[in-house]
Amino acid sequence: MPTALSPVLTFPHDAVAQITLSNPPVNALTRPATRRLRAVLLELADDAAVRAIVLTGDRVFSAGSDISEMPEMQDVGDVLARKSNLENATLELLDDLPLPTVAAIDGFALGGGLELALCCDLVVADAGARLGLPEIDLGVIPSSGGSMRALRRVGQARAAELVLLGEHVSAETALEWGLINRVAPRGQSLPVALELAQALARKSRSAVRANKRALALTFGESPGLPARRALPVFEEAFESADGKEGVRAFLAKESPEFG
């Protein structure tokens, strides 16, 4: 289980805040970690001294939701009330922050981990990183807007590959597709992300806010809205026989990778 301070908030440079997911070994997005992340984001949104945010992980970014939490939620209505509503609200908060945000991915960002990274304005991945939305192999769909955010970045054809095949892609492929912005040397995504954050922090705060709004308006609505509309689809899949079997089979394998 995560510590009370996971995610960890630090301030490595003037006007730059760093949020580090720290729930080893794979920085799973448990309910306590998600509540802590939401509290940190709300704190930073009201901090006039903060001009940019970097989101990273301790050794790896995140393998997504903690599947071990899921069997107790497969009664009708449980998963939305106890998990998915909180996750969606937290990711939507990150997506809608007026502050510029940069994700730094070392190792992997899978499932909910990639959904979280895609809420950031810029994404840096190290050369050895793997990224993917493997929820289909659990018999479910990405539950926190990953399909919508991937679609915005890479288009219909590539998004279909991510969500229907569920395969991991390399950092180089992710860059070619437009899923991420930069590839850093192995283990160096954080320094590169911090450089970008410092550059963003030097920009006019009001101009950054205005440009983020302009980019969002181009698409007509926040991805949080279609993500919320998709929640009943996730709930139906999660509560289905295939969803229950997918979770059971995953836990039986004791895989370190979450969805």
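Residues numbered from 1 in each chain as written. Predicted model: local features only at pLDDT ≥ 70, side-chain atom pairs only at ≥ 80, totals over all residues. Heavy atoms only, no water.

### Quick look at the side chain of Asp126
Put simply, the test is: Segments assigned H or I by DSSP are reported as helices when at least four residues long, segments assigned E as strands when at least two residues long, and all are numbered from the N terminus. Accessible area is worked out with a 1.4 Å probe on protein chains only. A residue is then buried under 20% of its type maximum, exposed over 50%, and partly exposed in between. His residues and chain termini do not enter the charge count, which takes Lys and Arg as positive and Asp and Glu as negative. We define a salt bridge as a contact between a side-chain nitrogen of Lys or Arg and a carboxyl oxygen of Asp or Glu at a distance within 4 Å. Residues adjacent in sequence count toward polar contacts only when both atoms are side-chain atoms; beyond that, a polar contact is any pair of N or O atoms within 3.5 Å, and within protein one must be able to donate a hydrogen and the other to accept it.
Within the secondary structure, Asp126 is located in strand 6 (residues 122–126). It is Arg186 that comes nearest to the buried, bridge-free Asp126 among opposite-charge side chains, at 6.0 Å. A distance of 2.9 Å separates a polar atom in the side chain of Asp126 from the backbone nitrogen of Gly187.

### Focus: helix 1 (residues 31–45)
Rules: Helix span is expected to be 1.5 Å times the residue number reduced by one.
Its 15 residues place the ends of helix 1 21 Å apart at the C-alpha level, agreeing with the 21 Å of an ideal helix rising 1.5 Å per residue. Buried within helix 1 are the following residues: Arg31, Ala33, Thr34, Leu37, Val40, Leu41 and Leu44. Put simply, Thr30 is the residue that caps the front of helix 1, since its side-chain oxygen is 3.2 Å from the backbone nitrogen of Ala33.

### Focus: the sheet that holds strand 3 (residues 52–57)
Rule in force here: Pairing between two strands is assigned when DSSP locates at least 2 bridges connecting them. For helices, the fitted axis covers only the stretch in contact; all axes are lines through C-alpha atoms, and the angles between them, taken along N-to-C directions, range from 0 to 180 degrees.
Within the open sheet, the six strands sit side by side as 1-2-3-4-6-9. Their pairing is mixed. Every other strand in the sheet has two partners, leaving strand 1 (8–13) and strand 9 (182–184) as the edge strands with one partner each. This sheet shows a mean twist of 25 degrees between the axes of neighbouring strands, independent of strand direction. Across four bridges, strand 1 lies against strand 2 (residues 16–21) in antiparallel orientation. Its bridge partner being in strand 2, Val8 is matched across the sheet by Thr20.

### Re the sheet that holds strand 5 (residues 108–110)
Across the sheet, which stays open at both edges, the three strands sit in the order 5-7-8 with mixed pairing between neighbours. The sheet terminates laterally at strand 5 and strand 8 (169–170), the two strands that pair on one side only. In this sheet, strand 7 (residues 130–132) lies alongside strand 5 in parallel orientation, the contact comprising three bridges. In the strand pairing of strand 7, Ala109 is matched with Leu131.

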